[in-house]
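# A closer look at the structure
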Amino acid sequence: MARKVTFDIPEDEDVQPSSISPKPAQSKAPALSSMARSLQDAAQSSIQEISTDLIDDSEFKDRLSGDDEHDIRDLADSIDKQGQLIPILVSPASGRYRIIYGRRRLAALRLIGKPAKALVRALDDEQAILAQGQENSFRKDLTWIEKALFAKSLLESGKDEGLVCDALNIDQKARRNGDKLTGLARMKQVVSCIPVDVIEAIGPAPGVGRDRWYAAAKSYEALGFPAGNHDVETELSNAKEAGRSSDERFTTFEGLLKKKKSPAPSAIETEVGSVKITKRTAVITVKSGEDGLHAWIAKNPESALAALAAAQQSSLQDTDDETN
């Protein structure tokens, strides 16, 4: 069953001071429903003013920065004039605090140098991740690529796939039926093929969905671009400086992929056969001749591969001896 932490979080703009107290939310899980009710109680008694210098960002990044700078500036101006009407949620951590939700309000408060009104709630690691991921159901949704990067961050920290799916509300039907987690698999494929630096240069791309990102990732992988390809990053940086939106930068990225041609596989011819090398494979072709090598390999493939591995180790040892 999916784990869900439900908070009734009003919008930042056009709210009244009475909105500070969140309304109780319904949850299918009794334990989490109780947690939501206790958060309501916390709203009445645990709103504190905390210096933003004491509040740390989440270790799990869930937003690509840059394109929302103007929105945060506008929010900062609004808070400066009207005050902070809606508290953020933080969790205590070794004398400091960790932001759970309210990242944009926290950024705005940092701009104007004001302390944050915050609900302080002790949450364990799993509850904090669920709350952070599911906050976006109430506010501006994460784009597909931001969710993919968030999933990457969680998985690399050792979190299990079930928790990641719950935090992002993906693959729930597949989990119930015991099927493959195709949504999460696509996210993993894209962020493993396209370097993070390139993704960050493109930005959140709100108008670009899973299919276009996946197609771009497959093209990028097929072309054999190295991680941090400077031509790609330079073009995307120039596009951003020219005022092109994140969606437009993604279109630029797609165009760059079409311009590049896949390198032809290199092949080495020898007297007994040839070796063709691609990005992922090395194909050895042995001619059928009087020496019987072809027939011997056909009968002893494991021994043939073992001989290649032994030759590699011998070559590495010779290289070490030469450098010492």
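Whatever comes next refers back to the structure up there.
So, here is what we can say about the structure in this document. Residue indices follow the written sequence of each chain, beginning from 1 at its first position. The predicted nature of this model means local features are confined to residues of pLDDT at least 70 and side-chain atom pairs, given and counted, to a pLDDT of 80 or more, with totals for whole chains, interfaces and linings taken over all residues. Calculation of side-chain values draws on the structure's entire complement of heavy atoms; hydrogens and water are dropped beforehand.

## Some words on the overall build of the protein
Scanning the protein for helices and strands turns up 14 helices and eight strands. Looking at the protein residue by residue over its 324 residues, the buried ones come to 39%. Pairs of residues are marked as contacts when any of their non-hydrogen atoms sit within 4.5 Å. When contacts within the protein are restricted to residue pairs at least 6 apart in sequence, long-range pairs at least 24 apart make up 70% of them. Put simply, the protein shows about 18600 Å² of open surface, and 50% of that area lies on carbon and sulfur atoms. Here a strand is any run of E in DSSP of at least two residues, a helix any run of H or I of at least four, and the numbering for each starts at the N terminus. For every residue, the accessible area obtained with a 1.4 Å probe (protein chains only) is divided by the maximum for its type, and the residue is called buried under 20%, exposed over 50%, and partly exposed between those limits. The protein chains shown are the only cover counted for residues, whose accessible areas, like all others here, come from Shrake-Rupley with a 1.4 Å probe.

## Some points on the packing of aromatic side chains
Centre distance within 6.5 Å is the pairing criterion for rings of Phe, Tyr and Trp, where only the six-membered ring of Trp is used; planes under 30 degrees apart are then read as stacked, over 60 as edge-to-face, and the remainder as tilted. Under the defined criterion, the tally for this structure stands at three aromatic pairs. Taken together through their ring pairs, the aromatic side chains of W213, Y220, F250 and F253 make up a single cluster. Two limits define a charge over a ring: the Lys NZ or Arg CZ must be within 6 Å of the ring centre, and within 35 degrees of the ring normal. For R186, the ring lying beneath its charged end belongs to Y214, and the centroid distance is 3.8 Å.

## With respect to the packing of helix α8 (residues 182-193) against helix α10 (residues 210-223)
Only the stretch in contact is used when a helix axis is fitted, and all axes are lines through C-alpha atoms; the angle between N-to-C directions ranges over 0 to 180 degrees. Direction vectors running N to C along α8 and α10 enclose 45 degrees, while the axes themselves pass 9 Å from each other. Put simply, α8 runs oblique to α10. The chirality of how α8 crosses α10 is left-handed. Here R186, Q189, V190 and C193 of α8 come into contact with α10, specifically with R210, D211, W213, Y214, A217, Y220 and E221. Throughout, the ten residues Ala, Val, Leu, Ile, Met, Phe, Trp, Tyr, Cys and Pro are labelled nonpolar, Asp, Glu, Lys and Arg are labelled charged, and all others, Gly among them, are labelled polar. Here the contact of α8 with α10 is composed, by residue class, of six nonpolar, one polar and four charged. Here roughly perpendicular refers to angles of 65 to 115 degrees, roughly parallel to angles under 35, roughly antiparallel to angles over 145, and oblique to all remaining angles. Handedness of a crossing follows from how the near helix is turned relative to the far one, being left-handed for an anticlockwise turn of less than a right angle and right-handed for a clockwise one.

## Some words on the environment of R280
Within the secondary structure, R280 is located in the loop between β7 (273-277) and β8 (282-286). You can call R280 exposed: its relative accessible area is 64%. Considering only alpha carbons, one finds R280 and G224, 56 residues apart in sequence, at a separation of 9.9 Å.

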